[in-house]
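# Chains, contacts and geometry: an overview
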Amino acid sequence: NSPSSEYDLSGKKRFSAPYVNYIRKDPGAPCSLTEALEYLQVDILEDLIKNDSLAANQVPPKHKPHNLTVVAMEGCHSFIILDWARPLKDDMVSDDPLLIERPPGGEPIWVPFKFKYNSAHSSCKGSQYVKRTWYRKFVGVVLCNSLRYKIFMGNALREPFYSIGDTFGQGEDHCQFVDSYRDGRTGPTYLSHNLPTAHGFYRAYRQEPVTFGVIGRRTRHPFVGWYECGVPIPGKW
């Protein structure tokens, strides 16, 4: 499709080529990663991981992927879609396809994904989303609603996600993991006191790296069942 106008909002001439298609978008509608993926008929992350298993006798991939789609909208963050349907021989595949990292200076991008977690640790039972953190772990949330959710953390998408204990407090500074710069409201810590001791992550202060160990009952690291951080999830991108 051709662009609706020859020049963009900055007055620059729009790029055009046989392989470039322009998609019309309501200027008043918010940017939506989910809608963009649905429009392009891209499988969601969960289905890709479930269906894309390599044969036992297949040689590990060596080459970079070759089929790329760049999606850009005026006023929205751009992202790249890789064709992971079935890798050709020696193609390089990713452990975490379509999991998009936060653009510099932009909002975090949450991707729908049903990760494994201990449901007894969460007061919320709704939709699940994941994103990368700035120190190579994954943050997962289970929604009560867009402003109240349980925050979990994991090392890999295929592995269980764990609660985060707080050595000094009730997890107020854990809102940092959903990109809030302020302490939030949390549920009571008595939730963890009434549950068996569990493994999970914990820390004492904001900006401190998390440690994996024993949390909850009979430890110095209680955890809570929900957080309110003032950041809507999944939000906009």
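Quick look at the structure, then. (Residues numbered from 1 in each chain as written. Predicted model: local features only at pLDDT ≥ 70, side-chain atom pairs only at ≥ 80, totals over all residues. Heavy atoms only, no water.)

When strand 7 (residues 164-166) meets strand 9 (residues 198-203), the two strands line up parallel, connected through 3 bridges. Bridge pairing in strand 9 places Asp 166 opposite Arg 203. The sheet contact formed by strand 9 and strand 10 (residues 211-215) spans 5 bridges and is antiparallel. Bridge pairing in strand 10 places His 199 opposite Val 214. (Pairing = 2+ DSSP bridges. Helix = DSSP H or I, 4+ residues; strand = E, 2+ residues; numbered from the N terminus.)

Next up on the list: the side chain of Arg 203. Among the structural elements, Arg 203 can be located in strand 9. Within the structure, Arg 203 has its side chain in polar contact with the side chain of Gln 176 (distance 2.9 Å). For Arg 203, the side chain forms a polar contact with the main-chain oxygen of Glu 208, separated by 3.3 Å. (Polar contact = N/O pair within 3.5 Å; in protein donor to acceptor, adjacent residues only side chain to side chain.)

With that settled, consider the pairing of strand 4 (residues 128-132). Of all 5 residues in strand 4, 4 are buried, a share of seventy percent or more. Summarising the sheet, strand 3 (residues 111-112) and strand 4 pair through 2 bridges and their orientation is antiparallel. Residue pairing across strands places Pro 112 opposite Tyr 129, the latter belonging to strand 4. Pairing analysis gives 5 bridges linking strand 4 to strand 5 (residues 138-145), with the strands arranged antiparallel. Note that in strand 5 the partner of Tyr 129 across the bridge is Val 141. (Buried < 20%, exposed > 50% of the residue type's maximum accessible area, 1.4 Å probe, protein only.)

The next thing to look at is the sheet that holds strand 10. One open sheet accounts for 3 strands, arranged 7-9-10; its pairing is mixed. Both edges of this open sheet fall to strand 7 and strand 10, since each of them pairs with a single strand only. Taken pair by pair, the neighbouring strands of this sheet meet at an average axis angle of 55°, ignoring direction. (Axes fitted to C-alpha atoms, helices over the stretch in contact; angles between N-to-C directions.)

In this section: the packing of aromatic side chains. To describe a pair of aromatic rings, one takes the distance between the centres and the angle between the planes. The full count for this structure, using the stated rule, is 8 aromatic pairs. Each ring, one from Tyr 117 and one from Phe 152, has its centre 4.9 Å from the other, and the planes form 45°; the classification is tilted. Linking Tyr 117 in the loop between strand 3 and strand 4 with Phe 152 in strand 6 (residues 148-154), this pair joins segments that are 35 residues apart in sequence. With a relative accessible area of 23%, Tyr 117 lands in the partly exposed category. Ring centres of Phe 201 and Phe 212 lie 5.2 Å apart, and the angle between their planes is 70°; on these two criteria the pair is classed as edge-to-face. (Phe/Tyr/Trp six-rings, centres within 6.5 Å; stacked < 30°, edge-to-face > 60°.)

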